[in-house]
Amino acid sequence: MNLCDERTIRELLGRHGFHFSKSMGQNFLIDPQVPAEIAAASGANKSCGVLEIGPGIGPLTVELARRAGKVVSVELDRSLLPVLAETLAPYPNAEVVSGDVLKLDLAALAAEKLPGLTPMVCANLPYNITTAVLTKLIETPCFGTFTVLIQKEVAQRLAAPQGSGDGGAFSLFLQYHLEPELLFEVPREKFLPAPKVTSAVLRCVRRPRPAVEVENEKFFFQVVRGAFLLRRKTLANSLTSALPGLSKETVQTAIAQCGLPADIRGERLTLADFASLSAALDRARG
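In this report, the structure presented in the accompanying data block is examined. (Residues numbered from 1 in each chain as written. Predicted model: local features only at pLDDT ≥ 70, side-chain atom pairs only at ≥ 80, totals over all residues. Heavy atoms only, no water.)

**A closer look at helix H5 (residues 106–113)**
Put simply, the test is: Using a 1.4 Å probe on the protein chains alone, a residue whose accessible area is under 20% of its type maximum counts as buried, one over 50% counts as exposed, and one in between counts as partly exposed. Per the convention used, a helix needs a DSSP run of H or I reaching at least four residues, while a strand needs a run of E reaching at least two, with both numbered from the N terminus. The reported arc concerns the directions from the helix axis to the C-beta atoms and nothing else. We call two residues in contact when some of their heavy atoms are within 4.5 Å. We call two N or O atoms a polar contact when they sit within 3.5 Å, provided that within protein one can donate a hydrogen and the other can accept it, with sequence-adjacent residues counted only if both atoms are side-chain atoms.
Leu106, Leu109, Ala110 and Lys113 are the residues of H5 that are buried. Seen from one end, H5 has its buried residues packed into an arc of 95°, which puts them on one side. Exposed positions of H5 whose direction lies more than 90 degrees from the buried face are Ala111 and Glu112. In the core, the buried residues of H5 are packed alongside strand S2 (48–53), strand S3 (70–75), strand S4 (94–98) and helix H6 (130–138). Two or three places before Ala107, at the opening of H5, Asp105 has a side-chain oxygen 3.3 Å from that residue's backbone nitrogen.

In structure tokens:
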């Protein structure tokens, strides 16, 4: 069964009485080359156990099952379960778990379903939960790599060079833990129904240790988020608003101590800059 053939897809979904849900961000791939390239880019092999999120009707699942030791696909839409039971029947190493990935204990799921295998993630993520899913995956250390198909604009921000002005607080959070690489774009016409935007594949590899050393990680990220609180304002103004316990003069002094221009904006700082600045501000707090 060609799970990327539009006629086959419509017949399959019609047979099971399935209707697309906008709220779940369902867009199914209709070019077989795309799931094959995503699966290949993931690096999955027989020693790997893959967590897939939102399998749809299973075109990426099939490609992963052909490569990996096992694939566990988490699907929220229960109406897709009988569809997946049919499309994945030839692949005994593919298992579907019904549930909400944002509510599941992913470390426990990996330990239970992927024992003895190297856990990794590969998925066509719904646009509306991309940041929430990536945050959860970052905070689940057992997954060493993520290969995800997401909105192109988001992928570009997450892979943006630090200090370029193209990223944001979440980009820095991700890059603190992972090394991202934007691999290739996927045009909107490769999906059914076609989304309004272009997509792209982003691959992230977990760093053996964080990108920079920080003394107080919680405060470090408080400073990072605070720097983007008032994006059109200077770093000093934004941090003064975000850190009410520190005066503007204290913030300005710390910025100067780090060798940064007085009028710099948060988007121009790298993780190393934030590490130095957060340390200086932490000392100033006493």
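What follows continues from the structure just given.
**Notes on the pattern of salt bridges**
This is how the line gets drawn: Within this document, salt bridges are pairs made up of a side-chain nitrogen of Lys or Arg and a carboxyl oxygen of Asp or Glu, the two lying within 4 Å of each other.
This structure, assessed with the given rule, holds 12 salt bridges. Glu95 serves as the salt-bridge partner of Lys113, at 2.7 Å between the closest nitrogen and oxygen. Linking Lys113 in helix H5 with Glu95 in strand S4, this pair joins segments that are 18 residues apart in sequence. We classify Glu95 as partly exposed; its relative accessible area is 24%. Close ionic contact of Lys152 with Glu185 constitutes a salt bridge, the shortest N to O distance being 3.0 Å. Of the two residues, Lys152 sits in helix H7 (residues 152–158) while Glu185 sits in strand S7 (residues 178–186), which places them 33 residues apart along the sequence. In this structure, a network of salt bridges that share partners links the residues Lys70, Glu95, Glu112 and Lys113.

**Digging into the side chain of Asn124**
Relative to the assigned elements, Asn124 resides in strand S5 (residues 118–124). Taking the relative accessible area as the measure of exposure, Asn124 reaches 17% and is therefore buried. Within the structure, Asn124 has its side chain in polar contact with the backbone oxygen of Asn27 (distance 3.5 Å). If we ignore the near neighbours within four places in the chain, the residues touching Asn124 are Asn27, Leu29, Ile53, Gly54, Leu60, Leu149 and Phe191.

**Observations concerning the layout of surface pockets**
Put simply, the test is: Whether a set of points on the 1 Å grid over the protein atoms alone is a cavity depends on a 1.4 Å probe fitting there but being unable to get out, while an open set qualifies as a pocket with protein on both sides within 12 Å along at least five of seven lines; lining residues are those with an atom within 4 Å of a point. Grid points are joined across faces, edges and corners, and a volume is the space filled by probe spheres set on the points. Under the scheme applied, nonpolar residues are Ala, Val, Leu, Ile, Met, Phe, Trp, Tyr, Cys and Pro; charged residues are Asp, Glu, Lys and Arg; polar residues are all the others, including Gly.
Approximately 480 Å³ is the volume found for the largest pocket. Along the wall of the largest pocket there are 32 residues; nearest its centre are Met24, Gly25, Gly54, Asn124 and Pro126. Elements supplying a minimum of two residues to the lining of the largest pocket: strand S1 (28–29), S2, helix H3 (59–65) and S3. The residue makeup of the lining of the largest pocket, split by class, is 18 nonpolar, 10 polar and 4 charged. The space that makes up the second largest pocket amounts to roughly 300 Å³.

**Quick notes on the sheet that holds S3**
Quick reminder of the rule: Two strands qualify as a pair provided that DSSP identifies no fewer than 2 bridges between them. As a rule, the C-alpha atoms of each element are fitted with a line to give its axis, helices using only the stretch in contact, and angles between N-to-C directions run from 0 to 180 degrees.
The strand order across the open sheet built from 7 strands is S4-S3-S2-S5-S6-S9-S7, with neighbouring strands paired in mixed fashion. This sheet does not close on itself; its edge strands, each paired only once, are S4 and S7. Pairwise comparison of adjacent strand axes, ignoring direction, gives a mean angle of 20° for this sheet. Here 5 bridges tie S2 to S3, and the two strands are oriented parallel to one another. Note that in S3 the partner of Gly49 across the bridge is Lys70. Where helix H2 (residues 33–42) meets the sheet, it contacts S5, strand S6 (145–151), S7 and strand S9 (199–206), and its direction lies at approximately 150° from that of S6. In this fold H6 packs onto S2, S5, S6, S7 and S9, with an angle of close to 175° to the strand it touches most, S6.

**Here's the deal with the packing of helix H10 (residues 235–242) against helix H11 (residues 248–257)**
Filter applied, for reference: Should an angle lie under 35 degrees it is considered roughly parallel, over 145 roughly antiparallel, and from 65 to 115 roughly perpendicular; all remaining angles are considered oblique. It is the rotation of the near helix from the far one that decides the hand of a crossing: anticlockwise by less than a right angle makes it left-handed, clockwise makes it right-handed.
One way to put it is that H10 packs onto H11 with a least axis distance of 9 Å and a crossing angle of 130°. In terms of axis orientation, H10 runs oblique to H11. Considering only the axes of H10 and H11, their crossing is right-handed. Along its contact with H10, which presents Leu235, Ala236, Asn237, Leu239 and Thr240, the element H11 presents Lys248, Val251, Gln252 and Ile255.

**Things to note about empty space enclosed by the protein**
Within the structure shown, the criterion is met by 2 cavities of 30 Å³ or more. A volume near 80 Å³ is recorded for the largest cavity. Every residue lining the largest cavity is counted, 16 residues in all, and those nearest its centre are Pro161, Gln162, Gly163, Gly167 and Leu172. Grouping the constituent residues of the lining of the largest cavity by class yields 5 nonpolar, 9 polar and 2 charged. One number sums up the size of the second largest cavity: a volume of about 40 Å³. In this structure, the second largest cavity is lined by Glu215, Asn216, Phe219, Ala275, Ser278, Ala279 and Asp282. No other element matches the 4 residues that helix H12 (residues 271–285) contributes to the lining of the second largest cavity.

**Section: H10**
Turning to H10, its buried residues are Leu235, Ala236, Ser238 and Leu239. Projected onto a plane normal to the axis of H10, the buried residues spread over an arc of 165° and lie on a single side. Buried residues in H10 make contact with helix H9 (217–227), H11 and H12.

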